[in-house]
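An overview of the molecular structure
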Amino acid sequence: MSVSLGEILAHPVLAAADPVVHAAGLSEDLPVRWVHSSEVLDIAPLLRGGELLLCGGITLASATPEKQAAYVRDLAQRGIAALAVETGGVLPEIPPAMLEAAQEHGLAVVELRKVVPFVGVMQAINSILVSESAGHLQQADAATRAMAAELAHGASLDQILGVLAGIIGSAVSLVSPWGVALGSAVPGGWQEKDDDGGGSPGGQDPLADKAARTKINVDIPVRGVLMGRLEIEIPAGVDAGLARVAGDRAVDILGLALLQHTPPGLHAQAGAELMRAVLTAAPAWRLEQLAPGAGFPPDSPAVVAAIHAAAPQKLRRAIESFLSSSRIPSAAYQDDAELVVMMALPGSDTAGERRKLLESLQGLDSDHDATIAVGPPASGVAEAAWSLAEARRALDVRQIRRRNASARRRHPSHGLVVLDAEDTAVESLALKGINASARDAFVNRQLRAILEHDAQRQSQLMETLQVWLDSGCNTAQSARELHLERQSMHHRLQRIFVLCGGDPRGTGRLAALHLAVRMAGLP
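All of the points below concern the structure found in this document. (Residues numbered from 1 in each chain as written. Predicted model: local features only at pLDDT ≥ 70, side-chain atom pairs only at ≥ 80, totals over all residues. Heavy atoms only, no water.)

Points about the environment of Val517
Which entries qualify depends on this criterion: For helices the rule is a DSSP run of H or I covering at least 4 residues; for strands it is a run of E covering at least 2, with both sets numbered from the N terminus onward. Here a residue-residue contact requires only that any non-hydrogen atoms of the pair lie within 4.5 Å.
Relative to the helices and strands, Val517 resides in helix α20 (residues 509-519). Residues within four places of Val517 in sequence aside, it is in contact with Leu447, Met462, Leu465, Gln466 and Leu469.

Comments concerning the nonpolar core
Selection rule: What we call a nonpolar core is a set of buried Ala, Val, Leu, Ile, Met, Phe, Trp, Tyr and Cys residues that are connected through their side-chain atoms within 4.5 Å. Throughout this description, buried means an accessible area under 20% of the type-specific maximum (1.4 Å probe, protein chains only), exposed means over 50%, and partly exposed covers the range between.
Counting residues in hydrophobic clusters, the biggest one holds 33 residues, and the most contacted among them are Val172, Leu230 and Leu254. Broken down by secondary-structure element, the contributors of at least two residues to this core are α6 (118-152), α7 (157-168), β6 (171-175), β8 (214-222), β9 (225-234), α8 (240-249) and α9 (251-261). Element by element, the count of residues in this core is highest for α7, at seven residues. If we skip the residues at most four places from it in the chain, Val172 touches Leu161, Leu164, Ala165, Ser184, Ala185, Leu230, Glu231 and Ile232.

Observations concerning the sheet that holds strand β11 (residues 330-334)
This is how the line gets drawn: DSSP bridges decide pairing: two strands pair if at least two such bridges lie between them. All axes here are fitted lines through C-alpha atoms, helices being fitted over the stretch that makes contact, and every angle between N-to-C directions spans 0 to 180 degrees.
Ordered in space as β11-β12-β10-β13-β14, the five strands form an open sheet in which the pairing is mixed. Both edges of this open sheet fall to β11 and β14 (416-420), since each of them pairs with a single strand only. In this sheet, adjacent strand axes meet at a mean angle of 15° when their direction is disregarded. In this sheet, β14 lies alongside strand β13 (residues 370-374) in parallel orientation, the contact comprising five bridges. The residue of β14 that forms the bridge with Ala373 is Leu419. Where helix α12 (residues 312-325) meets the sheet, its contacts fall on β10 (302-309), β11, β12 (339-344) and β13, and the angle it forms with β11 comes to roughly 175°. Strand contacts of helix α13 (residues 350-362): β10, β12, β13 and β14, with the helix running at about 165° to β14, the strand carrying the most contacts.

Things to note about the side chain of Arg229
Note the threshold: Polar contacts here mean pairs of N or O atoms no more than 3.5 Å apart (in protein, one a potential hydrogen donor and the other a potential acceptor; neighbouring residues in sequence count only if both atoms are side-chain atoms).
Relative to the helices and strands, Arg229 is located in strand β9. A relative accessible area of 15% places Arg229 in the buried class. At 2.9 Å, the side chain of Arg229 forms a polar contact with the side chain of Glu231. Not counting residues within four places of it along the chain, the set of residues in contact with Arg229 comprises Ser173, Leu174, Val175, Ser176, Asn217, Val218, Asp219, Ile220 and Arg317.

This is how it looks when you write it as structure tokens:
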């Protein structure tokens, strides 16, 4: 059995902390993959999901309610098992904002009412998890060897899936990327499901209680082309950890089985090969050689989007459906961390068509938790790697801006966000062409007085200047964005002008100030 949250909280090293679970309606049977400790409030992107996160509460105590709620929301969306927070010192109790966010987003929050050494907790629990993980790997490897033997003897997809179902004790099915059933199996001893979803050993179906089962989906890509999806339904009382490990380990065998039974079309193979060439920055002649087979004229303008998503396959289907309905030639490649999509643009009014494309992507179903960065237009596939690099750099700049922004202006990390890489051209140029010491020296020369004023008085003149410059020196628009009265905005600008040597409008210093502001905070 996998280690549940309840079992971990009952372990002597954590029981000594007198834990209380604040999670109405949530079960302590939640499986925990790892125990991690951090005081960093922006830790969510660095987690994989399934963790029990330990927090001493030091940074939470000084955070605003908005930041506390965002912290919980981001962790919940990352899929961690639970958050454990130590109270009684700088943090007397779990803040209400956190508990409300936890209830809204379905995250178990554990209050540790006594001090325990987090290092000791991690050593004790993670050693158990590592030992169990080794056992899971052994069983999963046995499953893949048995599946490979079946494949070598020409078994059907159902027979190959039957091996996996028998070892993990769960029903498994294989479906196409479009949801068409390709094969399925249940553990030995179960009756096959009837039309109503019934079927059981001895007349009782472990899968009949939908509330008691866990579903896991595993994508099956073959050389970058999504060939299918493995769906696992785990009944209560069955080791979900083993099912997850075995499902992940079975990807290669199932990919080979799908190649034998439903090989991908030549167009899909050509598109994947083209995208691999783009990702590796292959020579121009190689890209131009591969493009026609994927439906791309070699000299056709194109843009490349880099996409980070919580559910990349779901978003991929939405994007490809839109591109197909719009008759826009495209090719995509997906790995664990990133989805990359190249899209052709017409030779006439390329800039206008790119704007329409950005608007269309922004109009996709908003329940996607993702960031899409669209690179600048490439004149042909030979420049696709450059467009991708600029898109990736836009993602990096967004992360930098979010870290440096005040809590009031920090955009939420959830939902669908579409970035235009051309909006970060200045930062891209600075990162590529100016070394860090030269950037820091330039920023210091232009903005030293403002930076010192902010540091000494906890003011926000730097942020005010950035918003004002980005708006084209539009004072009214800047005041609205900063949620300031117009008079307050004028007072801030007058203070900024005094510190930087006068009103920069109409002078060459305006461009220098704007450049310095955009470079400030770059690593």
